Amino acid sequence: MVPISLPPVPYDATALRPGWAELPAGLRAAVTARLGGPVAVARVAGAGFTRGFAAVLETADGRRTFVKAASLTEQRHLVDWYAREAAVLDRLPAGLPVPRPRWAVAAAGWYALGLDAIDGRTPTLPWTPADLDATLAGYAEVAAALADPPPELVGLGLPRLADLAREDILWWGEVAAGREPAPELPPSAPDRLPELVALESRLPRYAERGGLAHGDLRLDNVLVDPTGRAWFCDWTWTCHGPAWFDLVSLLITAHASGLDADGLFAGHPATAGAPPDALDVTLAALSGYLLTSAAAGPTSASPHLRAHQRWSGGQALGWLAVRQGWAAAPEGREPTTPGLRK
């Protein structure tokens, strides 16, 4: 039996957000005007790792809008994130399964963004075959559309994954140099720091190629609607880079679900043309980023963020350890020869 690992907190219950009634009266009045009627029902989003307001607001006549909001003074970084996401969503190619922005308003020292409300649910863990198939098929559609991004998206001056890797993702090298405390490593990889440094160091060069990537593709940024179609949300970190990077970050939870994540990666259209060791390189980089972030101490974001990072980083490193032969493959899985696809 292939072992299954579940995160410490369900991904639809990670956020700590204000309720609709807690927002400033002036902001509620401005949002109500945009909605075209008083709010009858406010369903606060449980997923996510920020303290910004996020909820589906429904008027008495049944009109629904997903609204994000943050303070212009105390949460300026969230305001910038929401504005960036709105610009990206407004310019993504037509027909893709993504919410579209409707309006934005600033009032009472706050900024609010209204988006299409997707009638969907966060996939559960372990992944079900139907949800995972829908998500992988939907992302194939997105990746194909962004392989050659339209000029209006390129014109936003989005960051490059290669630069982000050098500036903020590669941490094993910092650990090796003594500039960052070493996170606790699992028994499967106690003395593999040189190999981790060597692997992650290839990511900037590999990431120079590709179109646009979502940049933060996780299970909790996916919604599956009643028809079984997967929708992709939270486009704050869109960047120039290869789609296979997104695929690795998504499939960490597939590996944790006891599924053949190696085969799912190798068989996906987004991996066409990827370097043979792209999966290993990305797992090394993500594991270092997540595990060192988890060890960084308390955060003002979600109280569950560090636990998510620790669990996700451990899963990424465990997956890599099996692929590299540092750890025995669980029963039911065959180790993959490093650098080769199954």
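Higher on the page you've got the structure.
Basis of the calculations
- Residues numbered from 1 in each chain as written.
- Predicted model: local features only at pLDDT ≥ 70, side-chain atom pairs only at ≥ 80, totals over all residues.
- Heavy atoms only, no water.
- Phe/Tyr/Trp six-rings, centres within 6.5 Å; stacked < 30°, edge-to-face > 60°.
- Helix = DSSP H or I, 4+ residues; strand = E, 2+ residues; numbered from the N terminus.
- Buried < 20%, exposed > 50% of the residue type's maximum accessible area, 1.4 Å probe, protein only.
- Lys NZ or Arg CZ within 6 Å of the ring centre and 35° of its normal.
- Salt bridge = Lys/Arg side-chain N within 4 Å of Asp/Glu carboxyl O.

Undergrad: Any chance you could explain the packing of aromatic side chains here in plain terms?
TA: The way to describe two aromatic rings as a pair is by their centre distance and the angle between their planes. Summed over the entire model, instances satisfying the criterion amount to four aromatic pairs. For the ring pair Y11 and F49, a centre distance of 6.4 Å and an interplane angle of 80° mean the geometry is edge-to-face. Of this pair, Y11 sits in the segment before α1 (25-35) while F49 is found in the loop between β1 (39-44) and β2 (53-59), placing the two residues 38 residues apart along the sequence. Comparing Y11 with F49 shows no difference in burial state: the two are buried. An angle of 65° between the planes, with centres 5.1 Å apart, marks the rings of W81 and W237 as edge-to-face. In this pair, W81 sits in helix α2 (residues 76-91) while W237 sits in the loop between β8 (230-232) and β9 (239-240), placing the two residues 156 residues apart along the sequence. Overall, W81 belongs to the partly exposed group, its relative accessible area being 23%. The exposure class assigned to W237 is partly exposed, which follows from its relative accessible area of 36%. In this arrangement the basic side chain of R229 is found over the ring face of W231, its NZ or CZ atom lying 5.2 Å from the centre.

Undergrad: How should I be thinking about the pattern of salt bridges in this particular structure?
TA: Close approach of charged atoms allows side chains of opposite charge to pair. Summed over the entire model, instances satisfying the criterion amount to 17 salt bridges. Across the pair E208 and R166 runs a salt bridge, and its minimum N-O distance is 3.2 Å. Separated by 42 residues along the polypeptide, E208 in the loop between α8 (203-206) and β6 (212-213) and R166 in helix α5 (residues 161-169) bring together distant segments of the chain. Between R179 and E174 there is a salt bridge, with its nearest N and O atoms 2.9 Å apart. By relative accessible area, R179 is classed as exposed at 56%. A relative accessible area of 25% means that E174 is categorised as partly exposed.

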